[in-house]
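# Per-entry structural report
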Amino acid sequence: MVKFKERILVTAALPYVNNVPHLGNLVGSHLPADIYARFCRLKGYDTLFIGGTDEHGTPIEVAAKKEGVLPRVLCDKYYKLQKKYYDWFAVSYDNFSRTSKPIHHDITKEFFSKIYKNGYIFDDVLKLPYCKKCERFLPDRFVEGECPYCGQGARGDQCDHCTKLLNPDELINPYCIICNNKPEIVETKHLFLDLSKLSPKLKKWIIKNKHWKVNVRNLALGWIKEGLKPRCITRDLKWGVGVPIPEFKNKVFYVWFDAPIGYISSTKEWAERNKKDFKKWLTGSTKIIHFIGKDNIPFHTIFWPGMLIAEGGTYNLPWQVAGLEYLNFEGRKFSKSKSRGIFLNNVIDLEFEPDIWRYYLSTILPETSDTDFSWDEFQARVNNELIGNLGNFVNRILTFINKNFNGKAPKSDKYDLYDKKVLKNIDEASRISGELLYTLRFRDSLREILHLSSIGNKYFQDKKPWENKEKSSTTLYVCLQIICKLGVLITPYLPNTSEKIKKQLNLKDLGSWDKGIGVKPSHKLGKPEILFKRIEDKKIKELKENFGGK
RNA sequence: AGCGGGAUGGAGGAGCAUGGAGUCCUCGUCGGGCUCAUAACCCGAAGAUCACAGGUUCAAAUCCUGUUCCCGCUACCA
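The rules we used
Residues numbered from 1 in each chain as written. Chains lettered and ligands numbered in written order. Predicted model: local features only at pLDDT ≥ 70, side-chain atom pairs only at ≥ 80, totals over all residues. Heavy atoms only, no water. Helix = DSSP H or I, 4+ residues; strand = E, 2+ residues; numbered from the N terminus. Rg over C-alpha atoms; globule rule 2.2 N^0.38 Å. Buried < 20%, exposed > 50% of the residue type's maximum accessible area, 1.4 Å probe, protein only. Contact = heavy atoms within 4.5 Å. Areas by Shrake-Rupley, 256 points an atom, 1.4 Å probe, with all protein chains shown as cover. Lys, Arg positive; Asp, Glu negative; His and termini not counted. Charge placed at Lys NZ, Arg CZ, Asp CG, Glu CD. Salt bridge = Lys/Arg side-chain N within 4 Å of Asp/Glu carboxyl O. Expected span 1.5 Å × (residues − 1). Near = heavy atom within 4 Å. Polar contact = N/O pair within 3.5 Å; in protein donor to acceptor, adjacent residues only side chain to side chain. Phe/Tyr/Trp six-rings, centres within 6.5 Å; stacked < 30°, edge-to-face > 60°. Lys NZ or Arg CZ within 6 Å of the ring centre and 35° of its normal. Pairing = 2+ DSSP bridges. Right-handed = clockwise from strand over helix to strand, strands pointing away. Core = buried A, V, L, I, M, F, W, Y, C linked by side-chain atoms within 4.5 Å. Axes fitted to C-alpha atoms, helices over the stretch in contact; angles between N-to-C directions. Left-handed = near helix turned anticlockwise from the far one by under 90°. Nonpolar A, V, L, I, M, F, W, Y, C, P; charged D, E, K, R; others polar.

## Section: the overall build of chain A
- The helix and strand tally for chain A stands at 17 helices and 16 strands.
- For chain A, whose C-alpha radius of gyration is 27 Å, the value lies close to the compact-globule estimate of 24 Å for 550 residues.
- Residues counted as buried form 56% of the 550 residues belonging to chain A.
- A fraction of 76% describes how many contacts in chain A between residues 6 or more apart in sequence connect residues 24 or more apart.
- Approximately 24,900 Å² of chain A is accessible, and the part contributed by carbon and sulfur atoms is 49%.
- Once the 90 positive and 65 negative side-chain charges of chain A are each reduced to a mean point, those two points are 4 Å apart.

Spelled out as structure tokens, the structure:
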């Protein structure tokens with residue numbers, strides 16, 4: 001493991017604020033980012049975990065217009081909701097900002113000006129569909145019509161029937177999906193980021209990053225291999241970050257230009273509030289790690305690093321791009337329009353506490369390939385692993401001590417070989433699970449932690465303390481140390497449960513990842529309580545009916 | 001269509017870079033044990049042509065070629 005003091009900036013993908021996120025969104029970035037950030041803190045690393053909402057772009061401007069409100073109002077609404085959900089899930093953001101804040105606009109303009117000065121920007125004229133009635137240019141997907149190849153209904157970017165890629169001007173009988181009027185093609189001048197110029201530097205950098213996951217690295221190299229093209233970074237919208245060039249004063253930046261700069265502005269906002277030096281967190285030895293869904297990989301391995309290079313290298317390039325795959329729901333995609341899946345507004349109204357969700361979701365984090373949410377598995381994992389293994393171990397030990405040792409931590413006598421072996425297992429658990437977590441192997445790490453609890457269950461069973469209650473103090477003492485360690489190790493995954501354990505042990509602090517604070521003999525313990533309620537078959541049946549998604 | 005990823009006992013995963021007896025993990029199933037604990041815990045067993053077809057090799061889940069199926073991306077959705 002790492003010897004020097006690490007400084008790590010953890011980010012989760014900035015969620016777009018036009019809707020309510022679903023479990024897949026949570027699992028793809030916020031949850032793993034939170035687990036990682038909490039782990040880093042426990043390891044004693046200098047850790048900052050930032051995020052925020054991505055609030056610009058056409059969909060928001062259009063949605064606001066449909067609701068008859070200003071984009072600002074719509075964003076306020078969804079920002080509050082999203083913040084509420086992430087708080088509920090105990091996502092421990094140090095700062096959860098918004099790209100609509102002035103600090104973000106200022107930094108984006110400054111960032112752009114540097115790229116501009118460094119010669120990576122040029123302008124060009126585009127012919128784009130314009131809707132007179134809506135008084136706006138339309139993104140390709142906002143124009144629909146008949147496919148020129150198969151005659152079926154198609155969007156302006158692609159025909160879903162024959163999968164041909166299209167341009168909006170190819171469509172027959174095109175119409176604006178907002179107002180159904182026929183759009184016309186109008187010339188408009190835009191700014192472009194010259195990615196082709198950045199390609200050699202990007203390639204060199206990507207190849208160097210051997211610690212990236214294979215899928216992330218290959219995808220990035222694939223883009224380089226195909227040849228990077230200049231990317232348009234402005235849009236004809238009103239809602240967004242204004243372009244600081246007089247000729248383009250009626251345009252705003254493309255959301256994907258300004259969104260990643262949100263990582264910088266959110267960090268700066270946090271630093272200003274806490275009177276810290278924000279550059280410390282974005283330069284020098286700081287390792288920046290981005291947690292994102294797989295659809296986001298090109299943006300974080302190509303465009304964003306390209307922007308950072310073009311800016312002149314003020315800020316560190318990402319150290320790690322943790323691209324996660326997708327979570328499906330009962331074998332199919334989450335879909336808002338088909339109301340299939342579980343959305344976060346549903347989740348907080350169901351009776352399960354956050355750690356129940358966090359546990360199951362952690363066991364199905366899509367680290368290497370897409371995974372599937374299933375109610376049956378949800379119930380089985382929670383009942384058998386979380387409750388049967390961990391919850392039961394903690395409860396059986398604390399109850400036993402409460403009944404037979406007057407609620408005070410027993411004394412340890414002479415250790416036999418078995419006792420010693422188990423004590424050694426405690427140290428091994430934090431070492432092994434720590435190494436796994438550091439290298440982003442969340443599921444393996446969690447399994448290792450549960451394994452410790454399993455060792456505890458077996459140890460208790462083998463020692464049969466119930467047969468000889470007076471002579472069992474060493475066994476119970478060892479078991480208590482296991483609980484202490486478990487309390488620490490589960491913190492990244494189950495922060496609320498860790499708190500509960502701490503309370504039941506009547507300790508103020510459980511210590512760090514590597515150096516736990518054990519329980520001293522005669523220490524008065526708290527009241528043992530059941531950690532989680534079992535999930536009944538009836539409940540699962542009911543949930544399947546409500547959220548079957550069939 | 002192109003590019004990238006994937007297919008492993010009934011379910012889900014790891015293993016593949018650097019070939020070495022189908023090896024491991026979680027769950028399920030079957031049999032037994034225990035009774036401190038939330039019908040929880042512990043032990044044992046059954047169960048697999050490693051997607052398919054070829055090839056390289058003394059040896060292939062792992063390397064090569066082809067095929068099928070699933071997922072993502074392809075730059076103006078974000």
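Additional details are given in the paragraphs that follow.
## Details of the pattern of salt bridges
- One pass over the structure, following the stated rule, counts 33 salt bridges.
- With a closest N to O distance of 3.1 Å, R381 and E377 form a salt bridge. Placement of both R381 and E377 in helix α12 (residues 375-404) is noted, with a separation of four residues, approximately one turn of the helix.
- One network of salt bridges, with partners in common, ties together E55, R72, D76 and R98.

## Considering helix α4 (residues 102-117)
- Here α4 is 16 residues long and its end C-alpha atoms lie 22 Å apart, about the 22 Å a rise of 1.5 Å per residue gives.
- Residue G119 follows α4 closely and has a positive phi angle near 80°.

## Details of the environment of I107
- Within the secondary structure layout, I107 lies in helix α4.
- A C-alpha to C-alpha distance of 34 Å links I107 and I185, two positions 78 residues apart in sequence.
- Sequence-distant contacts of I107, that is, excluding residues within four places in its chain, are made with I261, I264, S265 and K268.

## Comments concerning the protein's contact with RNA strand B
- Around RNA strand B there are 53 residues in total, and K333, T368, E385, R396 and R447 lie nearest to it.
- The separation between a phosphate oxygen of RNA strand B and a polar side-chain atom of K458 is 3.3 Å.
- One of the backbone N or O atoms of L531 is found 3.3 Å from a base oxygen in RNA strand B.
- The set of elements that each furnish at least two residues to the surface near RNA strand B consists of α2 (58-67), β4 (121-131), α6 (214-226), α7 (255-258), α9 (297-311), α12 and α14 (442-463).
- When residues of the surface near RNA strand B are assigned to their parent elements, the largest contribution, 11 residues, is made by α12.

## Side note on the packing of aromatic side chains
- Taken as a whole and assessed by the stated rule, the structure comprises 40 aromatic pairs.
- An aromatic cluster of three or more residues is present, and its members are F329, F334, F352, W357, Y360, F373, W375 and F378.
- Over the aromatic face of Y120 sits the side chain of K197, whose NZ or CZ is 5.1 Å from the ring centroid.
- Stacked on the ring of F303, the Lys or Arg R231 has its end atom at 4.3 Å from the ring centre.

## Quick notes on the sheet that holds strand β5 (residues 136-137)
- Overall, antiparallel pairing links the four strands, which are arranged β5-β4-β9-β10 in an open sheet. The open sheet terminates on both sides in strands that have one partner only, identified here as β5 and β10 (231-232).
- Sheet topology note: the strand β9 (residues 184-193)/β10 ladder contains two bridges and is antiparallel. Bridged to F192 within β10 is C232.

## What about helix α8 (residues 261-273)?
- The end-to-end C-alpha distance of α8, which contains 13 residues, comes to 18 Å, matching closely the 18 Å that a straight helix rising 1.5 Å per residue would cover.
- Taken together, the buried positions of α8 are I261, G262, Y263, I264, S265, S266, T267, E269, W270 and A271.
- Just downstream of α8, K275 is the residue with a positive phi angle, here 55°.

## Side note on the side chain of S430
- Mapped onto the elements of the fold, S430 is located in helix α13 (residues 417-438).
- When its relative accessible area of 4% is taken as the criterion, S430 is described as buried.
- The contact partners of S430, leaving out residues within four places of it in the chain, are K485, L489 and W513.

## Concerning unusual backbone geometry
- Here N173, not a glycine, exhibits a phi torsion of approximately 50°, which is positive.
- You can see N173 is positioned in strand β8 (residues 172-176).
- With a phi close to 55°, K275 is a non-glycine residue in the positive phi region.

## Topic: the pairing of strand β14 (residues 320-324)
- Counted residue by residue, β14 has five buried out of five residues, so it is predominantly covered.
- Both faces of β14 are covered, namely the face carrying Q320, A322 and L324 and the face carrying V321 and G323.
- Between the parallel pair strand β13 (residues 287-293) and β14, the chain is carried across by α9, and the sense of this crossover is right-handed.

## A closer look at the environment of W513
- As for its position among the elements, W513 is in the loop between α16 (495-505) and α17 (537-546).
- For W513, a relative accessible area of 0% translates into the label buried.
- Along the chain, W513 and I490 lie 23 residues apart, while their C-alpha atoms are 9.9 Å from each other.
- For W513, the contacting residues outside a window of four places in its chain are F39, L42, K43, S430, S433, G434, L437, I449, K485, V488, L489 and P492.

## Concerning the nonpolar core
- Judged by nonpolar contacts, the single largest core of 108 residues is most densely connected at L23, Y36, W357, F373, W375 and L505.
- Among the elements that line this core, the one with the most residues is α12, at 12 residues.
- If near-sequence neighbours (up to four positions away) are discounted, L505 is found in contact with L398, L480, I483, C484, L510, V519, H523, K524, L525 and G526.
- Core analysis: the second largest hydrophobic core is formed by 54 residues, L198, I224, I245 and I309 among them.

## Things to note about the packing of helix α15 (residues 473-489) against α16
- Two elements in contact, α15 and α16, have axes separated by 9 Å at closest approach and are oriented at 145°. Crossing of α15 against α16: the hand is left-handed. Note on element contacts: α16 touches α15 through S498, I501 and L505, opposite L480, I483, C484 and G487.
- Of the residues belonging to the contact of α15 with α16, the class tally is five nonpolar, two polar and no charged.

## Side note on the sheet that holds strand β6 (residues 143-146)
- The antiparallel open sheet is built from three strands, whose spatial order is β7-β6-β8. Unpaired on one side and paired on the other, β7 (153-155) and β8 mark the two borders of the sheet. Across the sheet, the mean angle from the axis of one strand to that of its neighbour is 25°, orientation sign disregarded.
- Strand direction decides the pairing type here: β6 and β7, joined by three bridges, are antiparallel. Bridge pairing in β7 places E146 opposite G153.

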